[in-house]
Structures are given as C-alpha cells and as structure tokens.
Amino acid sequence: SHHEIEILGECGIDHLITLIRSHWPRTIAATRLRLQLDADQLPQDPVERRRLVETTHAAIGRYCSETLDAKAYQRSQTRWMTMRKLLFSVLVLIVALFLLAYVLNGGLDWMNPFFRGIFVVLVLFVASLSLWDALTELFFDWAPYIIDKRTYAKIRALEVVIEPQP
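Values in this document were obtained by computation on a predicted structure and should not be read as measured data. (Residues numbered from 1 in each chain as written. Predicted model: local features only at pLDDT ≥ 70, side-chain atom pairs only at ≥ 80, totals over all residues. Heavy atoms only, no water.)

J.: Would you mind going over the overall build of the chain with me for this structure?
T.: Looking only at helices and strands, the chain features four helices and four strands. Its C-alpha atoms give the chain principal-axis dimensions of about 95 × 25 × 25 Å. Across the 166 residues that make up the chain, the buried fraction comes to 26%. Put simply, of all contacts in the chain between residues at least 6 apart along the chain, 81% involve residues at least 24 apart. (Helix = DSSP H or I, 4+ residues; strand = E, 2+ residues; numbered from the N terminus. Buried < 20%, exposed > 50% of the residue type's maximum accessible area, 1.4 Å probe, protein only. Contact = heavy atoms within 4.5 Å.)

J.: Whenever I open this one, the packing of aromatic side chains confuses me. Can you help?
T.: For any pair of aromatic rings, geometry is given as the distance between the ring centres together with the angle between the planes. Considering all chains together, one arrives at two aromatic pairs under this definition. Look at Tyr63 and Tyr152: their rings are 6.3 Å apart centre to centre, the planes differ by 65°, and that puts the pair in the edge-to-face class. Remark: Tyr152 occurs in helix 4 (residues 142–157) and Tyr63 occurs in helix 2 (residues 46–104); sequence separation between them is 89 residues. Note on Tyr152: relative accessible area 4%, which makes it buried. Relative to Phe115, the ring of Phe114 lies with its centre 5.5 Å away and its plane at 70°, an arrangement referred to as edge-to-face. (Phe/Tyr/Trp six-rings, centres within 6.5 Å; stacked < 30°, edge-to-face > 60°.)

J.: Honestly, the environment of Met81 in this entry has me stumped. Any pointers?
T.: Its place among the elements puts Met81 in helix 2. Judged by its relative accessible area of 42%, Met81 falls in the partly exposed class.

J.: When you look at helix 2 in this model, what are you seeing that I'm missing?
T.: In an α-helix, one full turn covers 3.6 residues, which means residues spaced three or four apart are oriented alike. The end-to-end C-alpha distance of helix 2, which contains 59 residues, comes to 84 Å, matching closely the 87 Å that a straight helix rising 1.5 Å per residue would cover. A positive phi of about 90° marks Gly106, the residue just after helix 2. (Expected span 1.5 Å × (residues − 1).)

Following this line, the structure appears as structure tokens:
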C-alpha cells in the first residue's frame, strides 16, 4: 500500500517506534517486521513478492536514515546553542567573581552590610543559575538522541516479511 497504515488509530511506523522506545534502555528481541496484506493486494508471483519485500525494506531504511540525519542536525544545533550558553554563563561567572572580589576588598563599604550581603547572595545566585542551565543541557540532552538513534537502527535492521492476512 502507498498509504499510511493505521494500527489502533496510529500510523504503523509510529506504533513501532513507540513500542521500541518503551523498552529502552533494553532493546526488544524482535528480528522481523511482519506486514500482513489482504490476499488480493499481495502479488502471487514469488519474484514480485520478493521485489515488494525489498522495496518495503529499502523504504523503511530510507525513512530511518532521513529521520536520523534530521535528528543529528537538530542535535548539532542544540549542542551549538548549549556551547553558546556555556560560554555566556562562564562570562557571567567571571563577572560575578570580579564583583565578589571587589566587594571583599572593600569596594562597597558605603553600603549597609545587610544589603551588601543580599548583593553577594544575588550575584552568586545569578552566576550559579546561568551555569546550572548550561551544564544541565550539556549533560542531559544527549539521552533523547541516543534513544532515537537506537530505535531507528533497530527498525532499519528488522527483516521485512510480507504475508497474506488470515
């Protein structure tokens, strides 16, 4: 069929992706993707049937490759933005350290000690918050990409079997 196939109201390939992702970090033991077609849609000639299997397998492989390429590009853009955030947060941290050194060397002696303490706490809070956001993205944003990479590699490796629907 040249149309999307629905399984329980969901596109067939999306259903398969959801099924494989639900088992992460383990991989499912499946080795075959069994497609059942109506007997009138299935070619009777074994050569035509084999060609249909090869075409379907190639189409699934192309879909997985294109999706992985798009996700790799998205990941590289995310990594680039994360590095920019990290650079910005390091600059904020350097400015915060200079401000704290200035305060500790008596730069704000004219200010009430209570407000000077609040100023120091706010400077430390802003610096740590900016650094925390960048480091969180750097350390934890890789997981969805790895899950997708394993999922699509598993789908691409599945042997396609087309058989008549009982």
